[in-house]
Amino acid sequence: MVSDLVHRGVVGQRSQQDAGHVVPGTHAGAPADLKVKPILIRTTLITVAIWGLIAWIILSGVVTRADVANFDQIFR
């Protein structure tokens, strides 16, 4: 079942063994065609969105220093 998902590309990268060509000196489970650029772009966009949301919350005053100082009162 899992190997079927991997072969269809649902789970992630295809290994060199799955592709049928293992480069000498590498592990058979190493990625066959690693595309780093789309991964970097996706990760950067997600990071910028999260950072922007946190910056907006801090700079807009939604959460103040007093709120942070009294945060432990919530759990008491």
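Just so you know, these numbers come straight off a predicted model, no measurement behind them.

Conventions and cut-offs
- Residues numbered from 1 in each chain as written.
- Predicted model: local features only at pLDDT ≥ 70, side-chain atom pairs only at ≥ 80, totals over all residues.
- Heavy atoms only, no water.
- Helix = DSSP H or I, 4+ residues; strand = E, 2+ residues; numbered from the N terminus.
- Buried < 20%, exposed > 50% of the residue type's maximum accessible area, 1.4 Å probe, protein only.
- Areas by Shrake-Rupley, 256 points an atom, 1.4 Å probe, with all protein chains shown as cover.
- Salt bridge = Lys/Arg side-chain N within 4 Å of Asp/Glu carboxyl O.
- Patch = residues over 30% accessible without salt bridge, like charges linked within 9 Å, V, L, I, M, F, W, Y side chains within 5 Å.
- pLDDT = per-residue confidence, 0-100.
- Contact = heavy atoms within 4.5 Å.
- Expected span 1.5 Å × (residues − 1).

(A) How the structure looks around the overall build of the protein. Counting secondary structure elements, the protein contains four helices and zero strands. In sequence order, the secondary structure elements of the protein are arranged as α-α-α-α. The buried share of the protein, taken over its 76 residues, is 7%. Summed over its atoms, the accessible surface of the protein is roughly 6,700 Å², and 67% of this surface lies on carbon and sulfur atoms.

(B) Quick peek at the pattern of salt bridges. Counting across every chain of the model gives one salt bridge. For Asp33, the salt bridge identified is with Lys35, shortest N-O distance 3.4 Å. Residue classification places Asp33 among the partly exposed positions, given a relative accessible area of 41%.

(C) Structural context of a nonpolar patch on the surface. There is a patch of nonpolar side chains on the surface, built from Ile46, Ile50, Ile54, Ile58 and Leu59 and spanning about 540 Å² of accessible area. Owing to a relative accessible area of 48%, Ile50 belongs among the partly exposed residues under this scheme.

(D) The arrangement of the side chain of Ser15 in detail. The topology assignment puts Ser15 in the loop between helix H1 (2-7) and helix H2 (16-19). Judged by its relative accessible area of 13%, Ser15 falls in the buried class.

(E) Region of the structure containing the confidence of the model for the protein. Looking at the protein as a whole, the pLDDT averages 83, with 86% of positions reaching at least 70. Within the protein, no element has a lower average pLDDT than H1, which sits at 56, and none a higher one than helix H3 (residues 36-60), at 94.

(F) Broad picture of the side chain of Gln16. Assignment of secondary structure puts Gln16 in helix H2. Excluding anything up to four places from it in sequence, Gln16 contacts His21, Val22, Val23, Thr26, His27, Ala28, Ala30, Pro31 and Ala32.

(G) View of H3. With 25 residues, H3 extends 36 Å between its outermost C-alpha atoms, agreeing within 8% with the 36 Å of an ideal straight helix rising 1.5 Å per residue. Looking one or two residues beyond H3, the residue adopting positive phi is Gly61, at roughly 90°.

(H) View of the environment of Gln17. Relative to the helices and strands, Gln17 is located in helix H2. The exposure class assigned to Gln17 is exposed, which follows from its relative accessible area of 55%. Separated by twelve residues in the primary sequence, Gln17 and Gly29 place their C-alpha atoms 6.3 Å from one another.

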